Amino acid sequence: MKNPAPASARRKRVLRRLVASFGTIFTLAAALSAAQASADRLEPADKAWLEENYTKFEYPIPMRDGLKLLTAVYAPKDTSTNYPFWLSRTPYGIRPYGVDAYPDPRDALTHFAREKFIFALQDVRGRNGSEGEFVHMRPIRPVKAGPADTDESTDAWDTIDWLVKHVPNNNGRAGLSGISYPGFYAACGAIDGHPALKAVSPQAPIADWFIGDDFHHNGALYLPHAFNFLAHFEQKLEKPTREDPKRFDYETPNGYEFFLNIGPLANADARFFKGKIPFWNELMQHGAYDDFWKARNLRPHLKNVHAAVLTVGGWFDAEDLFGALNIYREIERQNPGIFNTVVMGPWAHGQWHSDDGLKLGHINFRAKTADYFRQTIELPFFKHFLKGGTNLDLPEAFVFETGACQWRRFNAWPPTNTVVQSLYFRADGRLSFAAPSEDTGAFDEYVSDPAKPVPFIPNVAINMTREHMLDDQRFAATRPDVLAYQTDLLEEDLTIAGPITASLRVSTTGTDSDWIVKLIDVYSGDYPNPDPNPTGIQMGGYQQLVRGEAMRGKFRNSYEKPEPFAAGRVAKVEWLMPDACHTFWRGHRIMVQVQSSWFPLVDRNPQTFTDIYHAKPEDFRKATQRLYRTAATPSAVLVNVLPKER
């Protein structure tokens, strides 16, 4: 795919002068957003407009094995022309049910109904109004020997085939999209896709529930996310099309306190779920990367994709950042020559469809990035491939550079012109691009106590928060069980783009341990506060999390075959952290924090080698953790540095 010409050097110089003159970040994104504001824009559709302009139908669409999947179709009342389908398949329900009941529209139906598509929303197999048995992340069948061999790929194929043959006024083309779990279904639908399927957009899609998405990161359980999601989603309803599941009542706003009081994880079912949340107990039976999880790894199956693909993710998506990056990569690798683009914005999970994308937490991105994405990227993509629109101008990778707050266009992701550089841990809490020279005895240590784990946020919350992905880390930097290393003040800007590798040489007095590494942008001391500033945040010296990721130590050599640490012996623990695209400004510092708990975001490691999901209270023990920084045993974080623009 050809990459359009970069912005002129003169334009960049002007932007830099604006930064210097006004002490704030004027960005390419802001300029593009301002230009877009003068163009024609689609306004969101509300329920009243939808009722006036669309007719709703409900169809029980038969699959090849005879089961029927309930599908709501919203067709334009104007029948003077034909329209393409825009399909979304979901396990979350297509409420409200009934042809006379119109929704307060969401997602694509909200933002693009005025452009006129035939929108089709489907309950997936076994959920709400659809027949069959629901299976979480239903495995793809590589071989289909007969009509009984169904999966989410065949269900998407059968649905599109029925729609184009039975719904009037369609132009024979279909698009497929979805966010989060529906993003997984969108990616599945691209596999061996129907000939009418011309455009697919998996957005925050699930790829692998053990390695990096949702419930596990490198084998470590994301406890509040798994607990909260499954407590709600897994409820058995007598009338699923007429009632909604109830939210779990924690009886406290304090998640740290609630999950600590649970004690060992086995208590969750005994005290709260009582066998009524089946997948929680399935999860508890599969504590390593066994065949159960491997069957739910979508990545090897992303073959025979013919539709154009637009994969979308958010840099601060706590749930499925891994999925977006890896589904894009696997589609690119296994389907050479197809139209395949990735978009990464400065967003939390699904934020690109839920608000304007101007800010997240305390961080302002200086432009309405989600509005820009919907109008300038997503809509032109679907119009081009479904309606024959000619205004498509997308590079291979359309990526928002945080810190600098600008959109970047690349011919490949990760960019091919980056240089890998190592940020080494040095004495006295220093972080340096120069390798250590000490021969022996150079290490830092702390005591990790499962009874007093390091919190993952500076405030009180019951669930996994959206903002923790870029929260201020000053609260953690002062704890004795957190090691903090930082560079001197940067003398020039430094931009990273691509994956980040944590490479540690460590020892523990226990036989298992978690290792959490956080890459942080430390703002200058005179960084201005927001105006207005209702929360009273002090941005001078703010320690913004750029990327943080956990590694369950027993999986350091194999996710399939966990192994203990030899107490006191130096071991290498190295793992790949999700990509980032971020500029650390001149006058800022780069910091790395290392710790062994991140609670309750990550469940507690007892620090003894055991099946953690069935650990007993006596298994939880303090351990002394050492991080080595000698010439022979260096510890570092490896980043991909972009060359400076001229």
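Residues numbered from 1 in each chain as written. Predicted model: local features only at pLDDT ≥ 70, side-chain atom pairs only at ≥ 80, totals over all residues. Heavy atoms only, no water.

A.B. asks: I'm lost on the overall build of the protein in this one. Help?
C.D. replies: The helix and strand inventory of the protein stands at 15 helices and 25 strands. Here the C-alpha radius of gyration of the protein, 25 Å, is about what a compact globule of 646 residues would show, namely 26 Å. Projected onto the principal axes, the alpha-carbon positions of the protein cover approximately 80 × 65 × 50 Å. Burial statistics for the protein: of 646 residues in total, 60% are counted as buried. Put simply, 77% of the contacts in the protein that link residues at least 6 apart link residues at least 24 apart. (Helix = DSSP H or I, 4+ residues; strand = E, 2+ residues; numbered from the N terminus. Rg over C-alpha atoms; globule rule 2.2 N^0.38 Å. Buried < 20%, exposed > 50% of the residue type's maximum accessible area, 1.4 Å probe, protein only. Contact = heavy atoms within 4.5 Å.)

A.B. asks: I'm lost on the packing of helix α8 (residues 255-262) against helix α9 (residues 266-273) in this one. Help?
C.D. replies: Relative orientation and spacing of two packed helices are given, respectively, by the angle between their axes and the distance between those axes. Where α8 meets α9, the closest approach of the two axes is 9 Å, and the angle between their N-to-C directions is 100°. It follows that α8 is roughly perpendicular to α9 by the angle criterion. Judged by residue contacts, Phe 258, Asn 261 and Ile 262 of α8 engage Asn 267, Ala 268, Arg 271 and Phe 272 from α9. Residue composition of the contact of α8 with α9, by class: 4 nonpolar, 2 polar and 1 charged. (Axes fitted to C-alpha atoms, helices over the stretch in contact; angles between N-to-C directions. Parallel < 35°, antiparallel > 145°, perpendicular 65-115°, else oblique. Nonpolar A, V, L, I, M, F, W, Y, C, P; charged D, E, K, R; others polar.)

A.B. asks: Can you help me understand the sheet that holds strand β1 (residues 54-62) in this one?
C.D. replies: Where strands meet in a sheet, backbone hydrogen bonds hold them as pairs that are either parallel or antiparallel. On the basis of which strands lie adjacent, the open sheet formed by 10 strands has the order β1-β2-β4-β3-β5-β6-β9-β10-β13-β14 and mixed pairing. Either end of the sheet is taken by a strand with one partner, and the two such strands are β1 and β14 (406-410). Sheet twist, expressed as the average angle between the axes of neighbouring strands with direction ignored, equals 20°. Helix α6 (residues 181-190) rests against β3 (83-90), β5 (170-179) and β6 (197-203) of the sheet, and its axis sits at about 135° to β5. (Pairing = 2+ DSSP bridges.)

A.B. asks: Explain the sheet that holds strand β20 (residues 514-522) to me, please; I cannot follow it from the model alone.
C.D. replies: Sheet architecture is open: 4 strands sit in the order β18-β23-β20-β21, paired in antiparallel fashion. Across the chains shown, the open sheet's two edge strands, defined by having one partner strand only, are β18 (482-486) and β21 (543-552). Strand-to-strand twist in this sheet, taken as the mean axis angle between neighbours without regard to direction, amounts to 15°.

A.B. asks: Just checking my understanding: could you explain the side chain of Gln 595 for this structure?
C.D. replies: Mapped onto the elements of the fold, Gln 595 is located in strand β23 (residues 589-595). A relative accessible area of 0% means that Gln 595 is categorised as buried. Engagement of the side chain of Gln 595 in a polar contact is seen with the side chain of Lys 518, the distance being 3.0 Å. A distance of 2.9 Å separates a polar side-chain atom of Gln 595 from the backbone oxygen of Ser 597. In this structure, Gln 595 is in contact with Tyr 446, Val 454, Asp 481, Val 482, Asp 514, Trp 515, Ile 516 and Lys 518, ignoring residues within four places of it in sequence. (Polar contact = N/O pair within 3.5 Å; in protein donor to acceptor, adjacent residues only side chain to side chain.)

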